[in-house]
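Analysis of the macromolecular model
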Amino acid sequence: MDIRDVDLNLLVVFDALLRTRSVTRAAAELGMSQPATSFALNRLRATLGDPLFVRTARGIHPTPHAERLAEPLTEILDSIRGRLLQQPTFVPEQAERTITMNMPDIGELVFLPRILKRLSEIAPKISVQTVNLPDAEIEPALRSGAVDLALGFFPELRSAALYQQRLFTHSFVCVLRRDHPRIGDKMTRKQFIESDHAVVVGGHADEMLEAELRAQGLVRRVVLRVEHFLALPTILSETDLIFTVPYAIGASLAKLADIKLVKPPFKTKPRVVKQHWHSRFHHDPANRWLRSVIADLFVDTGQQMRRPTATVETE
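Residues numbered from 1 in each chain as written. Predicted model: local features only at pLDDT ≥ 70, side-chain atom pairs only at ≥ 80, totals over all residues. Heavy atoms only, no water.

Helix and strand counts for the chain stand at 11 helices and 13 strands. Considered along the principal axes of its C-alpha atoms, the chain spans approximately 105 × 40 × 30 Å. Residue burial in the chain is summarised as follows: out of 315 residues, 42% are buried. Here the analysis covers contacts within the chain between residues at least 6 apart in sequence; of these, 75% occur between residues at least 24 apart. When the accessible surface of the chain is totalled, it reaches about 17300 Å², and 53% of it is carbon and sulfur. Considering the chain, the positive charge centre built from 41 side chains and the negative charge centre built from 37 side chains are found 5 Å apart. (Helix = DSSP H or I, 4+ residues; strand = E, 2+ residues; numbered from the N terminus. Buried < 20%, exposed > 50% of the residue type's maximum accessible area, 1.4 Å probe, protein only. Contact = heavy atoms within 4.5 Å. Areas by Shrake-Rupley, 256 points an atom, 1.4 Å probe, with all protein chains shown as cover. Lys, Arg positive; Asp, Glu negative; His and termini not counted. Charge placed at Lys NZ, Arg CZ, Asp CG, Glu CD.)

Spelled out as structure tokens, the structure:
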């Protein structure tokens, strides 16, 4: 017998008949009419090649073949109900797992303190791991589940397979030593051009900032290039260098050394920080819960979740 020839709905009727030993009671339990239940029983008999039930004074009684099928039938239906039909749940207070988030090193400074504080309050058994993958590896990692979320400014994540949610936007700020000898609480374009600057190489934000500055006729004299943001606070506090970064980064760095934030003498397009996840996990309870935690901590009011296309990024 080919399983494709079997109406699996009949197994539910078979189970009800085995338990109730009555066509009438089985029909009532299943919400079917008695003729429909009798018709289903006749189909079962034809499919399995056995009478299955015989009438007695106390109702219907299963044949030996039907009794042999009772145990495996129960196991099959219980498995379907428990594994296929039961809605997955996620209880953060009891969950013991590791959450993996992709973010740059400065993202760890901006995001992690608040995330860890919140998780310690609502999901104390959850641990956190961060990675900083190359651009081309982020989407495959999200698709496979190796990474749960990508947090930050990732303009290259434009696949239709990914969802995204805007968290916040930020403009740029200049970071420099608190007692800078030439620049006080305000900065002129002349001071910006004549000063020495520091940059972090390889970052999207700085590459785009450089292009915007050149479009406005502003050329920085860069005398220091480093690979990590966290090297800069101490360097800035001991030199006359200027470091231009998104405001959230500047505010975080200012907590680490004796440096100050000064409004830059130019205008740039604000950068949009988002959380990204793969469509495979859009309805996953654990991923949905994690996204809600991130949104509660960082999202601007009024922002909505969007799904990008391959050609147009929604913000």
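Considering the arrangement of structural elements, one finds Thr 244 in strand S10 (residues 242-246). By relative accessible area, which is 3% here, Thr 244 ends up buried. Setting aside residues no more than four positions away along its own chain, Thr 244 makes contact with Phe 172, Val 173, Cys 174, Phe 192, Asp 206, Leu 209, Arg 220 and Phe 266.

What follows concerns helix H11 (residues 285-298). Since the α-helix turns once every 3.6 residues, residues separated by three or four places project in the same direction. Taking 1.5 Å per residue as the helical rise, H11 with its 14 residues ought to reach 20 Å, and the 20 Å between its terminal C-alpha atoms agrees with that figure. For H11, a buried count of 10 out of 14 residues is recorded, marking the element as mostly surrounded by other parts of the structure. Of the residues making up H11, those classed as buried are Ala 286, Asn 287, Trp 289, Leu 290, Arg 291, Val 293, Ile 294, Ala 295, Leu 297 and Phe 298. In this fold, the buried residues of H11 make contact with strand S3 (98-102), helix H5 (105-122), strand S5 (149-152), strand S6 (162-170) and strand S12 (271-278). (Expected span 1.5 Å × (residues − 1).)

Our focus in this paragraph is the packing of helix H1 (residues 9-20) against helix H3 (residues 34-48). Viewed as axis vectors pointing N to C, H1 and H3 meet at an angle of 105 degrees, and their least axial separation amounts to 10 Å. When the axis of H1 is compared with that of H3, the two are roughly perpendicular. For the pair formed by H1 and H3, the contact residues are Leu 10, Val 13, Phe 14 and Leu 17 on the first element and Thr 37, Ala 40, Leu 41, Arg 43, Leu 44 and Leu 48 on the second. Here the contact of H1 with H3 is composed, by residue class, of 8 nonpolar, 1 polar and 1 charged. (Axes fitted to C-alpha atoms, helices over the stretch in contact; angles between N-to-C directions. Parallel < 35°, antiparallel > 145°, perpendicular 65-115°, else oblique. Nonpolar A, V, L, I, M, F, W, Y, C, P; charged D, E, K, R; others polar.)

With that out of the way, let us pick up the sheet that holds strand S7 (residues 172-177). What the 5 strands build is an open sheet, ordered S9-S8-S10-S7-S11; its pairing is mixed. With one partner strand each, in any of the chains shown, strand S9 (221-226) and strand S11 (259-262) form the two edges of the open sheet. Each adjacent strand pair in this sheet contributes to an overall mean axis angle of 35 degrees, direction not counted. (Pairing = 2+ DSSP bridges.)

What follows deals with the packing of H1 against helix H2 (residues 23-30). In the contact formed by H1 and H2, the axes pass within 8 Å of each other and the chain directions differ by 130 degrees. Taken together, H1 and H2 sit at an angle that is classed as oblique. Between H1 and H2 the crossing geometry is right-handed. In contact with Val 12, Val 13, Ala 16, Leu 17, Arg 19 and Thr 20 of H1, H2 contributes Val 23, Arg 25, Ala 26, Glu 29 and Leu 30. In terms of residue class, the contact of H1 with H2 is built from 7 nonpolar, 1 polar and 3 charged. (Left-handed = near helix turned anticlockwise from the far one by under 90°.)

Evaluated as defined, the whole model comprises 15 salt bridges. A salt bridge links Arg 221 to Asp 196, with the shortest nitrogen-to-oxygen separation between them at 2.7 Å. Here the residue Arg 221 occupies a position in strand S9, and Asp 196 occupies one in strand S8 (residues 196-200), the gap between them amounting to 25 residues. Measuring nitrogen to oxygen at the nearest pair gives 3.5 Å for the salt bridge that ties Glu 210 to Arg 214. A residue pair is termed a helical-turn pair when its members lie 3 or 4 positions apart in one helix, as Glu 210 and Arg 214 do in helix H8 (residues 204-215) at 4 residues. Several salt bridges share partner residues, and in doing so they unite Arg 177, Asp 179, Arg 182 and Asp 240 into one network. (Salt bridge = Lys/Arg side-chain N within 4 Å of Asp/Glu carboxyl O.)

Moving on: the nonpolar core. Counting 41 residues, the largest nonpolar core has Phe 111, Ile 115, Phe 243 and Ile 294 as its most contacted members. Aside from chain neighbours lying at most four places away, what touches Phe 111 is Met 103, Leu 151, Gly 152, Leu 167, Phe 168, Val 273 and Phe 298. In this structure, Val 23, Ala 40, Ala 66 and Leu 77 belong to the second largest nonpolar core, which totals 18 residues. (Core = buried A, V, L, I, M, F, W, Y, C linked by side-chain atoms within 4.5 Å.)

Inspection of the secondary structure puts Ala 205 in helix H8. It is 9.4 Å that separates the C-alpha atoms of Ala 205 and Phe 154, two residues lying 51 residues apart in sequence. Dropping the residues within four chain positions of it, Ala 205 is found in contact with Phe 153, Phe 172, Pro 246 and Arg 271.

Moving on to the confidence of the model for the chain. Fine structural detail should not be taken from predicted coordinates in areas where pLDDT scores are low. Summarising the model, the chain shows a mean pLDDT of 86, and 90% of its residues fall at 70 or more. Across the chain, S3 holds the top mean pLDDT of 96, while strand S13 (residues 305-306) sits lowest at 40. (pLDDT = per-residue confidence, 0-100.)

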